[in-house]
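# Remarks on the overall topology
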Amino acid sequence: QQLWSSLVLEREGRPPIVIQGVGPEHLPLLQDVIVRHLQAAEKQPTPVFAVSAPPGFEELVRQLRRFGEVLQLDLDQQPAIPPETDVLFWIQPRVADAAHCRQLLRFIGRGRSAILAGSAYAVDAVARGDGLPGYRARPLPGGWNSLLQSVGLWPVPDLLLDRTAG
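Cut-offs and rules
- Residues numbered from 1 in each chain as written.
- Predicted model: local features only at pLDDT ≥ 70, side-chain atom pairs only at ≥ 80, totals over all residues.
- Heavy atoms only, no water.
- Phe/Tyr/Trp six-rings, centres within 6.5 Å; stacked < 30°, edge-to-face > 60°.
- Helix = DSSP H or I, 4+ residues; strand = E, 2+ residues; numbered from the N terminus.
- Buried < 20%, exposed > 50% of the residue type's maximum accessible area, 1.4 Å probe, protein only.
- Salt bridge = Lys/Arg side-chain N within 4 Å of Asp/Glu carboxyl O.
- Contact = heavy atoms within 4.5 Å.
- Pairing = 2+ DSSP bridges.
- Right-handed = clockwise from strand over helix to strand, strands pointing away.
- Core = buried A, V, L, I, M, F, W, Y, C linked by side-chain atoms within 4.5 Å.

## Brief notes about the packing of aromatic side chains
Applying the stated criterion across every chain, the model contains 1 aromatic pair. Ring geometry for Phe49 versus Phe89: centroids 6.3 Å apart, planes at 55°, classification tilted. Here Phe49 is found in strand E3 (residues 48–52), whereas its partner Phe89 is found in strand E5 (residues 87–91), with 40 residues between them in sequence. The same class applies to Phe49 and to Phe89, which are both buried.

See the structure below:
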């Protein structure tokens, strides 16, 4: 016979916190969960953001600092994601080997959030003989594809360009 329950933590003037699917296997951990929720209700925790991005994303870091602590990483060189990280921003990864993919899956498995952004191509503006703007796409190192595939995604090999943007 399967037994599970829900736990609701309520404080006056605050929205209730509902923890669904509490079963016998969760009981040893329940005290820690309740204490962490009560502590968070007393003092909102400050989020920790981690950013691994190439040059040019300084504004993202500045904006994130308005809301919490920001750790700047170079995941291309060191695949370790600090355990205190709540949200990871990984932009244009160049290297993604098995160690990187394991770290990312472990991080997500702990209930953390990861925002992956990038492209398999770099697009450069080039001058054309008729004076109209032209573009040249060149493939980037394969880190992006490997990383996406580790979380069950596959990039589409087409370029999407907005015709209304010139």
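## Notes on the pattern of salt bridges
Within this structure, the stated rule accounts for 6 salt bridges. In this structure, the salt-bridge partner of Glu59 is Arg62, at a minimum N-O distance of 2.9 Å. Note that Glu59 and Arg62 are positioned in helix H2 (residues 58–65) at a spacing of 3 residues, about one turn of the helix. Residue Arg128 is joined to Asp130 by a salt bridge in which the shortest nitrogen-to-oxygen separation is 2.5 Å. Judged by relative accessible area, which is 48%, Asp130 ranks as partly exposed. Taken together, the shared-partner salt bridges connect Asp124, Arg136 and Arg138 into one network.

## A short note on unusual backbone geometry
Even without glycine at this site, Gln92 takes up a positive phi of about 50°. Secondary-structure assignment places Gln92 in the loop between E5 and helix H3 (98–109).

## Side note on the environment of Val95
Along the chain, Val95 falls in the loop between E5 and H3. Judged by relative accessible area, Val95 falls into the partly exposed class, the value being 34%. A C-alpha to C-alpha distance of 17 Å links Val95 and Phe107, two positions 12 residues apart in sequence. Val95 has contacts with Asp76, Trp90, His100 and Gly143, leaving out every residue within four places of it along the chain.

## Regarding the pairing of strand E6 (residues 113–117)
Summarising the sheet, E5 and E6 pair through 5 bridges and their orientation is parallel. The residue bridging Phe89 from the neighbouring strand is Ile115, located in E6. The β-α-β motif built from E5, the intervening H3 and the parallel element E6 has right-handed crossover chirality.

## What about the nonpolar core?
Ranked by size, the top nonpolar core spans 13 residues in total, and within it Leu73, Leu75, Leu88 and Leu147 carry the most contacts. When residues of this core are traced back to their parent elements, those giving at least two are E3, E5 and H3. No other element matches the 3 residues that H3 contributes to this core. When sequence neighbours within four positions are dropped, the list of residues in contact with Leu73 reads Ala50, Val51, Ser52, Ala53, Pro82 and Leu88. In terms of nonpolar packing, the next biggest core, distinct from the first, is built from 7 residues, Val61, Leu64, Val87 and Phe89 among them.

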